[in-house]
Each structure stands twice: as C-alpha cells, then as structure tokens.
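Tertiary structure, described
Read off the chains here:
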Amino acid sequence: MLSFLKPAPDAKTKVPKDKISTVYKWCQVGVLLSICIGYIGYYVIRLIFTTEQNDIMKQYGFTTADIGMVLSCFGIGYGISKLFMGALSDKSNPNHYLATGLIISAILNFGLGATKNLYVMMFLMLVMSVAQGMGAAACQRIVQLWWGKKHRGAIYSIWSSAHNAGAFVCVAVVQLATFMFSGSIPAVFYTASVVSLIIAAFVLICGADRPTTVGLPSISQYTGDEVVLENGKASSSELTNLTLPQIFVKYILTNKVVWAITLTSMSLYLVRYGVMSWIPSFLVQSKGFSPSFAKWLVGIFELATVPGVIIMGAISDFLKDRRAIVCIACVILLFICLTTYFFSTSHALIVTVLFIMGTLIYAPLTLVGLMVNEAVPKFAVGSSTGFMGFFQYIFGETLATALIGVLVSKYGWLASNIVLYSATTLALLLLIYIMFNENRVAKLAKEENIKE
C-alpha cells in the first residue's frame, strides 16, 4: 500500500518535442475528468447518510439527536483529518492518493449499510472522515502540477463545481437505489459504494501523477509557470527532501499570506453555512415561506453557483491572476444581497437574491482555495489545503451552525444577521490586505527578474 502511494518516478522515455503539446492536452483532459468525477464520488459517499436520515430514523428508531451524533463525528473528524491528510498528500502520488481515499470510503460505507448499531455507525463515520480528507488535497495538488497560472483559475473553478454536482449525483443514486430495491436502506449504501468503486477505477485509469511521470516536461518547463513566494522569490520545485513538519513550519505556520487567506476562507465558510444551513428555518419563520418550497431553495442556492463560479475563475485568469480583486467585488455585492435577504418582504426578490448569493459566496471561496495553493511551493500545496480546511470546518462551519443556532434561540434572527455581517466584513478587510500583498509580491518578483 505504501509503495502504491509513493510518488511515481519520472518516465525514462520522453515524449518527442513535436508531440508534447498534443499529448499534454490529452493528458490534461484525462486528469481533469479524473479529479472532477473522482471528487463527485467522494460526495456520493459523504452525503448518503445525510440524505437518508429521515428513513433511518423511521426504520431504525433513531432520534434526531442520534442522527446529529453520527453527523458530528464526520464533521469534527473531517476538519481534523483535512489538516493531516492534506499534508500527507504532498509526499504522495496524488492520483493514487485520490483513488485510495475513495476506495476506503466506499468500503466503510458498505459497513454503514450493514449495521443498525448507533455506536458502530459513529465509529465508521469518524474513520470515514479521515479517508474523505484525502480527496480535496489530492485534487488541488494535481491542478497545481498540471496547469499554469494562465488557465488555473478556470480549471480550479471547474473542479470546484464537482462539490455541487456531487450533491446532485448523490440524490440521483439514492433515488435509483430506492426505486430498484424497494426502499431498502442497506441497498442505498451498497449502491453508493459500488458507484464510488467504479469511479475510483476510472480515476486510476484516466488520471496521472506529475507530467514528468508520463514523459512530459513539468508544467514549469512547459509554460514557465512558477510560484512567487511571499519574499518575491520564485519556486518551481514539485518535490522536496524536507520533512512534513519542516514544510509545515517554513511554508505554512510562518507565512502571513497563508494565514490571511485561511482566515478569509473561514469567514466565508461561516457565511456559506450561516445562510445555507438556515434557509428553511429563516424563510419559514421570518418570511412566511412554505416549508416545502423553502427546502427546494437550498438546492437552488447550491446549483445556481456552478456557472457563476466558473465564470469568476475565468475572469481571474483574464486579469492575470489578480484573484483578490475578483473576490473583493464578490464580497461587496454580497453585502448588498445579504441586506436584501435579511430585510426584504418580497418572496420573488428573496428567491432572486438567493440565486445570486450562491455565486457571490462560492466564487471567492473557490478562488481563496486556489490562492492559498499559489502562495506556497508545489510541494506544500496539500499542507496549505489541509491547514485551510481545518479552519473552514472546525471553526467556520461550527460557528455557522452551533453558534447561530444558540443565538437565534435566545435573541432572534437579528443575531444571525449580525454574525453574518461581521464575518463578511472580516473577509473584506483580509481580502484588501491580500490584494495589497499581491501587488507587493508582484513588484518584488519584477525586481528580482530585472536583477537576473
């Protein structure tokens, strides 16, 4: 297993120079399909228990508290595992790492379908959260290895849309299994596992480690792509002899830009879950929406993001990697949408604003995920992803659900509004700092090039 996960050696046979461009494009298509479809497989597994919770309560005699306990095991474990499993991806073959996490998740999901014991379910969800932490870091590392900055914003945004597509595919798998197996809960879990194992095989067939492992030049050699660090120095290294603790201290913990981007992402996660998690309750209690229609709006909020996020990623490429500016524009518009959402009484306007807010939240979330990867060398991408993911889930999501739930029960929905305004303001201030830092680093890099 360990040898399977180790980085592959560079290919001894090189692709002829006249064929490099064509082979690169075909490999990039396969790699993009592998990470997008692969991450959809992660979501199919991740959301099965969530989508089946009502039937589980009905057939297994579980309470909402029981369901909450199982889901909390995943949430807490996932936030912690993102930190460690993300770092481990930096020392791995990211394609094999992605497939391995999916295979382990599918096997554990079989276990969830085979048991009705609450404590066994909690244990399986906790272990599964560790395997699930292997997915995003591997995908983000692959993006950095296979695409230069010129197209990376669009590619990263396309991959990020797999989050939303995965939720849709999960529901489709549940509906199909329910129809085929007469509502059997174990059959739903088994079907999801089989689908994910097929996807894992697809990842191994279509994906790849680094370009050099298939006889191609590295992305730095092919496009001149380099990572410009906080000090203005350029780095094109894909592997390193530094240990994981050394990488973490040198490029993550002492990197002010990584901290700023991470806290921005945490704030935006708070807004994301602070809006999405409470759409049904807020709209029913405060705006007079019907419960059934309010549930559908959660789906609208998620699916509406896909085209907007991809467009925003492409715009950041067009602006020559000035991703902070795009994020700032989104966050300023988000202030306006939040105000409308909080205080409007028009149902049509509220639905329209929700449709727009999805893009205004997910686009900067996607871009800061890319920005934190671009702030470190390619051999530290997984570590930066895991570090940010830890803050997103342990603090951002927790504050958005637990804290807002407590405040609303005591002080009403105005308390929720204040929390979301505060988080949005913090994100805006941090993005302004990041924008100025982008300008400073670009200037330092230009001075370094002049010296050379």
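For the structure, check the block above.
The structure contained in this document is the topic of the report that follows. Just so it is clear, the model here is predicted, and its values are computed rather than measured. (Residues numbered from 1 in each chain as written. Predicted model: local features only at pLDDT ≥ 70, side-chain atom pairs only at ≥ 80, totals over all residues. Heavy atoms only, no water.)

**Some details on the overall build of the protein chain**
Within the protein chain, the secondary structure is distributed over 20 helices and two strands. Out of the 452 residues belonging to the protein chain, those deemed buried represent 55%. In the protein chain, 83% of the contacts between residues at least 6 apart in sequence involve partners at least 24 apart. For the protein chain, the computed accessible surface area is about 19,100 Å², with 70% contributed by carbon and sulfur atoms. Positive and negative side-chain charges in the protein chain, numbering 31 and 20 respectively, have mean positions lying 1 Å apart. (Helix = DSSP H or I, 4+ residues; strand = E, 2+ residues; numbered from the N terminus. Buried < 20%, exposed > 50% of the residue type's maximum accessible area, 1.4 Å probe, protein only. Contact = heavy atoms within 4.5 Å. Areas by Shrake-Rupley, 256 points an atom, 1.4 Å probe, with all protein chains shown as cover. Lys, Arg positive; Asp, Glu negative; His and termini not counted. Charge placed at Lys NZ, Arg CZ, Asp CG, Glu CD.)

**Topic: the packing of aromatic side chains**
One pass over the structure, following the stated rule, counts 24 aromatic pairs. Ring geometry for F74 against Y78: centres 5.3 Å apart, planes inclined by 15°, an arrangement best described as stacked. Placement of both F74 and Y78 in helix α4 (residues 64-89) is noted, with a separation of four residues, approximately one turn of the helix. Pair check on accessibility: F74 and Y78 agree, each one buried. Three or more aromatic residues joined by ring pairs make a cluster, and in this case those are F282, F335, Y341, F342, F343, W413 and Y421. Looking at R46, its charged tip hangs above the ring of Y43, at a distance of 4.5 Å from the centre. The residue whose ring lies beneath R272 is Y269, and the NZ or CZ to ring-centre distance is 5.0 Å. (Phe/Tyr/Trp six-rings, centres within 6.5 Å; stacked < 30°, edge-to-face > 60°. Lys NZ or Arg CZ within 6 Å of the ring centre and 35° of its normal.)

**Re the side chain of T191**
Checked against the element boundaries, T191 lands in helix α10 (residues 185-206). Residue class for T191 comes out buried when judged on its relative accessible area of 16%. When residues no more than four places from it in sequence are discounted, the contact partners of T191 are V173, A177 and F181.

**Side note on the pattern of salt bridges**
For the structure shown, the criterion picks out six salt bridges. Here E374 and R152 are joined by a salt bridge, their closest N and O atoms 3.1 Å apart. With a gap of 222 residues between them, E374 in helix α18 (residues 347-374) and R152 in helix α8 (residues 149-160) connect regions that are remote in the sequence. When sorted by exposure, E374 lands in the same class as R152, which is buried. The salt bridge involving E438 is made with R322; its shortest N-O contact spans 3.8 Å. Linking E438 in helix α20 (residues 413-451) with R322 in the loop between α16 (305-318) and α17 (323-343), this pair joins segments that are 116 residues apart in sequence. On the basis of relative accessibility, which here comes to 28%, the residue R322 falls in the partly exposed class. One continuous salt-bridge network, built from bridges that share partners, spans R152, D317, R323 and E374. (Salt bridge = Lys/Arg side-chain N within 4 Å of Asp/Glu carboxyl O.)

**Looking at α8**
Three or four residues apart is the spacing at which side chains of an α-helix point the same way, because the helix has 3.6 residues per turn. Between its terminal C-alpha atoms α8 stretches 16 Å, which fits the 16 Å expected from 12 residues at 1.5 Å a residue. Taken together, the buried positions of α8 are R152, G153, A154, I155, Y156, S157, W159 and S160. Where α8 is buried, its residues meet α2 (20-51), α7 (135-146), α9 (162-180), α16, α17 and α18. (Expected span 1.5 Å × (residues − 1).)

**Here we look at the side chain of S129**
Examined against the element boundaries, S129 turns out to sit in helix α6 (residues 118-132). Once residues lying within four places of it in the same chain are set aside, the contact partners of S129 are C73, F74, G77, Y78 and S81.

**Considering the nonpolar core**
Judged by nonpolar contacts, the single largest core of 139 residues is most densely connected at V275, L283, Y341 and M357. Every residue in contact with V275, bar those within four places of it in the chain, is listed here: F301, L338, Y341, L354, M357, I361 and L420. (Core = buried A, V, L, I, M, F, W, Y, C linked by side-chain atoms within 4.5 Å.)

**Some thoughts on α18**
For α18, spanning 28 residues, the distance from its first C-alpha to its last is 41 Å, which sits close to the expected 40 Å at 1.5 Å a residue. Counting buried positions over the 28 residues of α18 gives 21, a clear majority of the element.

**Brief notes about a nonpolar patch on the surface**
A surface patch of nonpolar side chains, about 470 Å² in accessible area, is lined by I311, I315, F318, L319 and I325. Counting residues per element, the nonpolar patch draws most heavily on α16, which supplies three residues. Tracing the sequence through the fold places I315 in helix α16. Classification of I315 by relative accessible area gives partly exposed; the value is 33%. (Patch = residues over 30% accessible without salt bridge, like charges linked within 9 Å, V, L, I, M, F, W, Y side chains within 5 Å.)

**Describing the state of the cysteines**
Applying the stated rule across the entire model yields zero disulfides. There is no disulfide at C327, and the cysteine sulfur nearest it, in C330, is 6.5 Å away. By relative accessible area, C327 is classed as buried at 0%. (Disulfide = S-S within 2.5 Å.)

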